[in-house]
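Examination of the molecular architecture
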Number of protein chains: 2
Amino acid sequence: MLTIPRRHFLVAVAGTAGASALSRSANPAWAQDEGPLPEVVDWKDPDSTIVHTEFTVETERGAIGTSGITSKDVLYLRNNLPSPDEDRVADRDSWEVSIEGVREPRSITVGELKDLGVETVATVLQCSGNGRGFFDHDTSGSQWLTGAAGNLLWSGVPVRNVVDALGGLEDGRNFMTSTGGETLPEGIDAKQVVVERSVPVDHAVEHAILAWEMNGEPVPRAHGGPLRVIVPGYYGINNVKYVKRVSFTEEESDAAIMRTGYRVRPVGVDGAPDQPSMWEMKVKSWVTRPLAEAGTGRVQIHGVAFGGFNALDSVEVSTDGGDNWQQARLLGPDLGRFSWRPFVLSAELEPGTYTVTSRATDAEGTVQEEVTAPNHRGYDYSGWRALAVDVTVV
Amino acid sequence: MLTIPRRHFLVAVAGTAGASALSRSANPAWAQDEGPLPEVVDWKDPDSTIVHTEFTVETERGAIGTSGITSKDVLYLRNNLPSPDEDRVADRDSWEVSIEGVREPRSITVGELKDLGVETVATVLQCSGNGRGFFDHDTSGSQWLTGAAGNLLWSGVPVRNVVDALGGLEDGRNFMTSTGGETLPEGIDAKQVVVERSVPVDHAVEHAILAWEMNGEPVPRAHGGPLRVIVPGYYGINNVKYVKRVSFTEEESDAAIMRTGYRVRPVGVDGAPDQPSMWEMKVKSWVTRPLAEAGTGRVQIHGVAFGGFNALDSVEVSTDGGDNWQQARLLGPDLGRFSWRPFVLSAELEPGTYTVTSRATDAEGTVQEEVTAPNHRGYDYSGWRALAVDVTVV
């Protein structure tokens, strides 16, 4: 089933110019779904995923169900560098991470971490560029629609336990800076390519974990195993894979991915350290069913909603493009502040065409935005108007 | 890693008679793990599973992590008949189930069910024979240890919604009787082999769902897709796969699997309808880590616990074979009354050998039993003494 964003659909039927726009970007997911699944995720479900590139695989909008948790078989992939080889996960417990910026810094294995404590947390994992395909301005990078996001259960050791075990933080540490263990391409300045991200230390010590388990099994290699930093409430890029160093630092990393990458700025402006970094996620929701057609009568409208950095409070659904809203019912167990929640609205629909969308509110009272203002890199389109789908009831 | 039940270990080191006992049944899982994974589950992780037979595959005790949810890749398999072919799930929404014993009986497709409502529930799925390998008496059937159990998120339509949509129950309906859609072998009386189970109607109408989704994806064929009855709090056999008929009946089914099978009775006694059926599950827990060796110092002891039919209240852990107990900490989100919950106890252990076990208490105050009395078929060994593991701390 193809899902064409409503905005693009309207453009597409507007005439020649529209048709041209359609062929360029109206359904970028479809246009780019040309190759087979990359080797590192060749076990994913091809019918539930859209292959953008070797490093970017999206979840089909309709493949997100109502369980609350995203199966790894449909979970999106976004790598900044090639995944390490299979031998990286051959002996998971022996993987070492260097802990720095604490009073007793040292390398510690995953096996040792497992005896420092354990916590389990459900978090939304969402690529900064999720929704990029809904922006009108030209953006480079994969034209994600809704599917660069999932909700996972992670188990690992709380960062605070590791800090405590190593004598506590050195003075003046403002950030937790995590470095990925990918093999860097030769001939390029490491600072330009290394995956190294800093996040505010208070949030990290309170909420972050070093995770070895995802959804009940060892973290898959493609998703960061043997050890991944999980920073609940923060965009995916901060959840560093194959983490080989966790350093508590005074300053943010000077790696390009931190210094100038993942910075929110106006269109046409270069990235710079004084711009907001892609840290805390926004309140957001979208409908996952129905996406094109539905039968007359009672229709169950499903979707997912999350508060982002804050807990989710509630979700409303509109079937008339936002003129009227009805409270949706949240489904299944509450998995916590950083989790998403499936929702459902039971609607009686006569034959016709309906513009169906959803609007979430977080626990602080912040309502999902109607329109997301352009930003240079096309980060996190969250506006409920463009996330709408046109459903024909027959 | 092999895990030999403590009782068997003691028998094994006791001399020739013990050695004989060991070779017969001390580690039945190991003894029976001879074949490759059956075709219908050839996607499971061979390192995390124990193949008993073509129809029975167990989860390795140490493969259950702390996420709370069991990955399908490690989930046990217990089929009573061969799974249907792949074409059974080629068009899931067109699968039909006949609803009978309601005022407006009719066949209804999965696609139609999806518009009658949706609910998501986490349930322990546990084979009646889980733990059979811990009984001392001779029992036929797979010698499961702890691994014929998992915890899953299911999504589907509540049975009460289906009943309401079809005019309500006919008078005098005491049971919900579900019939599996397996192809029956020829030349055998269907009543002798059909998977058809009855459960009390009040529980079914309050809690059961007809599920099309498991852990965020369509229910795998091996696990009952396209449609499975989920009866929260009840043993696995009542969660009928490939369900083709749901009939609200005055009497229990006269199929052998209901009339004489899955009946709890003394050793040597034939099954009969007046004996308790394997319906409501018991309060139970077991340790999943460590299972054999651990390092000196702080050790994180993990396990899973559930109340069975009732909610879980708490779990205790003993490192001295049950002489002393300490309260364990429950991990991760509470997934509801019918879910299991991972637990952890952080223990300081000097070098030596420890007999580690756990003991759960449900919300009604019922404590997991110390020893499970023999029953003819070896159903649900839940005694914490035999579920203990001997851990050597070096």
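The rules behind these values
Residues numbered from 1 in each chain as written. Chains lettered and ligands numbered in written order. Predicted model: local features only at pLDDT ≥ 70, side-chain atom pairs only at ≥ 80, totals over all residues. Heavy atoms only, no water. UniProt positions renumbered as here; feature names shortened; annotations may be inferred. Helix = DSSP H or I, 4+ residues; strand = E, 2+ residues; numbered from the N terminus. Domains from an automatic or database assignment. Buried area = accessible area lost by both parts, 1.4 Å probe. Salt bridge = Lys/Arg side-chain N within 4 Å of Asp/Glu carboxyl O. Polar contact = N/O pair within 3.5 Å; in protein donor to acceptor, adjacent residues only side chain to side chain. Nonpolar A, V, L, I, M, F, W, Y, C, P; charged D, E, K, R; others polar. Least-squares fit on C-alpha atoms with pLDDT ≥ 70 in both. Contact = heavy atoms within 4.5 Å. Pairing = 2+ DSSP bridges. Phe/Tyr/Trp six-rings, centres within 6.5 Å; stacked < 30°, edge-to-face > 60°. Lys NZ or Arg CZ within 6 Å of the ring centre and 35° of its normal. Buried < 20%, exposed > 50% of the residue type's maximum accessible area, 1.4 Å probe, protein only.

**What about the UniProt feature "domain: Moybdenum cofactor oxidoreductase dimerisation" (unreviewed entry) in chain A?**
The UniProt feature table records "domain: Moybdenum cofactor oxidoreductase dimerisation" (unreviewed entry) at residues 277–380 of chain A. Measuring from the first to the last C-alpha atom of residues 277–380 of chain A gives 12 Å, for a span that is 0% helix and 47% strand.

**Concerning the domain arrangement of chain A**
Residue and element names in this part refer to chain A. Entries for chain A in the domain assignment read domain 1 (77–259) and domain 2 (284–393). Centre-to-centre, using C-alpha coordinates, domain 1 lies 30 Å away from domain 2. When the two sides are added together, the surface that domain 1 and domain 2 hide from each other amounts to roughly 2000 Å², 61% of it contributed by carbon and sulfur. Taken together, the links from domain 1 to domain 2 amount to zero salt bridges. Counting across the interface, domain 1 meets domain 2 through ten residue pairs in polar contact (both at pLDDT 80 or more). Listing elements by their share of the side of domain 1 that touches domain 2, those giving two or more residues are strand 6 (119–126), strand 7 (149–158) and helix 7 (201–207). Here the element with the most residues in the side of domain 1 that touches domain 2 is strand 6; it accounts for four residues. Here the side of domain 1 that touches domain 2 is built from residues that sort into eight nonpolar, 15 polar and one charged.

**Structural notes on the relation of the copies chain A and chain B**
Superposition of the two copies of the chain requires a rotation about an axis together with a shift along that axis. Expressed as a screw transformation, the operator carrying chain A onto chain B has a rotation angle of 180 degrees and an axial translation of 0.0 Å, and the superposed copies differ by an RMSD of 0.0 Å. A rotation of that kind, with that shift, is consistent with a two-fold axis. When the interface residues of chain A are mapped onto chain B, 100% of them again lie at the interface, so the same face is used by both copies.

**Topic: the interface of chain A and chain B**
Taken together, the 35 residues of chain A in the interface contact 35 residues of chain B. For the chain A and chain B pair, buried surface summed over both sides reaches about 3000 Å², with 44% attributable to carbon and sulfur atoms. Sorting the residues of chain A by area buried against chain B places A:Ser67, A:Asp115 and A:Val118 first, and these three jointly supply 20% of that buried surface. Our count for the chain A to chain B interface comes out at six salt bridges. Summed over the shared surface of chain A and chain B, the number is 22 residue pairs in polar contact (both at pLDDT 80 or more). Within the residue set of the side of chain A that touches chain B, elements represented by two or more residues are strand 6, strand 7, strand 10 (209–214) and strand 16 (297–306) of chain A. No other element matches strand 16 of chain A, which puts four residues into the side of chain A that touches chain B. Each residue belonging to the side of chain A that touches chain B can be placed in one class, and the counts come to eleven nonpolar, 13 polar and eleven charged.

**Examining the sheet that holds strand 18 (residues 326–327) of chain B**
Residues and elements named next belong to chain B. Spatial strand order, 15-22-21-17-18: five strands in an open sheet with mixed pairing. The sheet terminates laterally at strand 15 (293–294) and strand 18, the two strands that pair on one side only. Bridge count for strand 21 (residues 352–362) against strand 22 (residues 389–393) is five bridges, and the pairing is antiparallel. By the bridge assignment for strand 22, Thr355 is matched with Asp390.

**Here's the deal with the packing of aromatic side chains**
Residues and elements named next belong to chain A. Following the criterion strictly, the structure yields 22 aromatic pairs over all chains and no others. Between Tyr76 and Trp144, the aromatic rings sit 6.1 Å apart at their centres with planes inclined by 80 degrees, giving edge-to-face as the arrangement. Residue Tyr76 is found in the loop between strand 2 (56–59) and strand 3 (77–78), and its partner Trp144 is found in the loop between strand 6 and strand 7; the two are separated by 68 residues along the sequence. Against the face of Phe309 rests Arg337, its NZ or CZ located 4.8 Å from the ring centre.

**Let's talk about the sheet that holds strand 18 (residues 326–327) of chain A**
All names here are of chain A. Spatially, 15-22-21-17-18 is the arrangement adopted by the five strands of the open sheet, whose pairing is mixed. For this open sheet the edge positions go to strand 15 (293–294) and strand 18, each flanked by a neighbour on one side alone. Two strands pair when backbone bridges link them, and strand 15 and strand 22 (residues 389–393) are joined in this way by two bridges, in the parallel orientation. When the bridges of strand 22 are listed, Glu293 appears paired with Thr392.

**Observations regarding the environment of B:Trp340**
All names here are of chain B. Tracing the chain through its elements places Trp340 in the loop between strand 19 (329–330) and strand 20 (341–349). On the basis of relative accessible area, Trp340 is assigned to the buried category, the value being 3%. Once the C-alpha coordinates of Trp340 and Asn151 are considered, the two residues, 189 residues apart in sequence, prove to be 6.3 Å apart. With near-sequence residues (within four places) excluded, Trp340 lies in contact with Ile64, Gly68, Thr70, Val124, Ala149, Gly150, Asn151, Trp286, Val304, Ala305 and Phe306. Of note is the side chain of Trp340, whose polar atom sits 3.2 Å from the backbone oxygen of Gly68.

**Regarding the pairing of strand 5 (residues 106–109) of chain B**
Residues and elements named next belong to chain B. Two elements, strand 4 (residues 96–100) and strand 5, share four bridges in a ladder whose sense is antiparallel. Considered in strand 5, the bridge of Ser98 is made with Ser107. Linking strand 4 back to strand 5 in an antiparallel pair, the connection comprises five residues, with Gly101 at a positive phi of about 80 degrees.

**Here's the deal with the UniProt feature "domain: Oxidoreductase molybdopterin-binding" (unreviewed entry) in chain A**
Cross-referencing UniProt, the feature "domain: Oxidoreductase molybdopterin-binding" (unreviewed entry) maps to residues 90–255 of chain A in the present numbering. Between the first and last C-alpha atoms of residues 90–255 of chain A the distance is 29 Å; the span itself is 13% helix and 34% strand.

**Points about the environment of B:Asp313**
All names here are of chain B. Relative to the elements of secondary structure, Asp313 occurs in strand 17 (residues 312–318). Residue class for Asp313 comes out partly exposed when judged on its relative accessible area of 46%. In the structure, Asp313 is positioned 128 residues away from Pro185 in sequence and 45 Å away in space, judged by C-alpha atoms. Only 3.0 Å separates the side chain of Asp313 from the side chain of Ser314, close enough to count as a polar contact.

**Focus on the pattern of salt bridges**
Applying the stated criterion to the full structure yields 34 salt bridges over all chains. Notably, a salt bridge pairs A:Asp93 with A:Lys114, separated by 2.8 Å at the nearest N-O pair. Highlighted residues: A:Asp93 in the loop between strand 3 and strand 4 (96–100) and A:Lys114 in the loop between helix 4 (110–113) and strand 6, separated in sequence by 21 residues. A:Glu119 serves as the salt-bridge partner of B:Arg329, at 2.8 Å between the closest nitrogen and oxygen. Taken together, the residues B:Arg329 in strand 19 and A:Glu119 in strand 6 connect one chain to another.

**Notes on unusual backbone geometry**
Across the junction of A:Gly225 and A:Pro226, the peptide omega takes the value 15 degrees, indicating a cis bond. Within the secondary structure, A:Pro226 is located in the loop between strand 11 (217–218) and strand 12 (228–230). Going from B:Arg289 to B:Pro290, the amide bond is cis rather than trans, its omega being -5 degrees. Its place among the elements puts B:Pro290 in the loop between strand 14 (284–289) and strand 15. Despite not being glycine, B:Asp380 has its phi angle at roughly 40 degrees, a positive value. Mapping B:Asp380 onto the fold places it in the loop between strand 21 and strand 22.

**Notes on the environment of B:Tyr354**
Residue and element names in this part refer to chain B. Note on placement: Tyr354 falls in strand 21. Discounting residues that sit within four places of it in the chain, Tyr354 has contacts with Thr319, Leu349, Val389, Asp390, Val391 and Val393. Among the polar contacts made by the side chain of Tyr354, one reaches the main-chain carbonyl oxygen of Glu350 at a distance of 2.6 Å.

**With respect to the side chain of A:Ser285**
Residues and elements named next belong to chain A. Along the polypeptide, Ser285 turns up in strand 14 (residues 284–289). A distance of 2.7 Å separates a polar atom in the side chain of Ser285 from a polar atom in the side chain of Ser358. Of the polar contacts made by the side chain of Ser285, one reaches the side chain of Gln368; its length is 2.7 Å. Not counting the four nearest positions on each side in its chain, Ser285 is found in contact with Val304, Ala305, Val315, Phe343, Ser358, Arg359, Ala360, Gln368 and Leu387.

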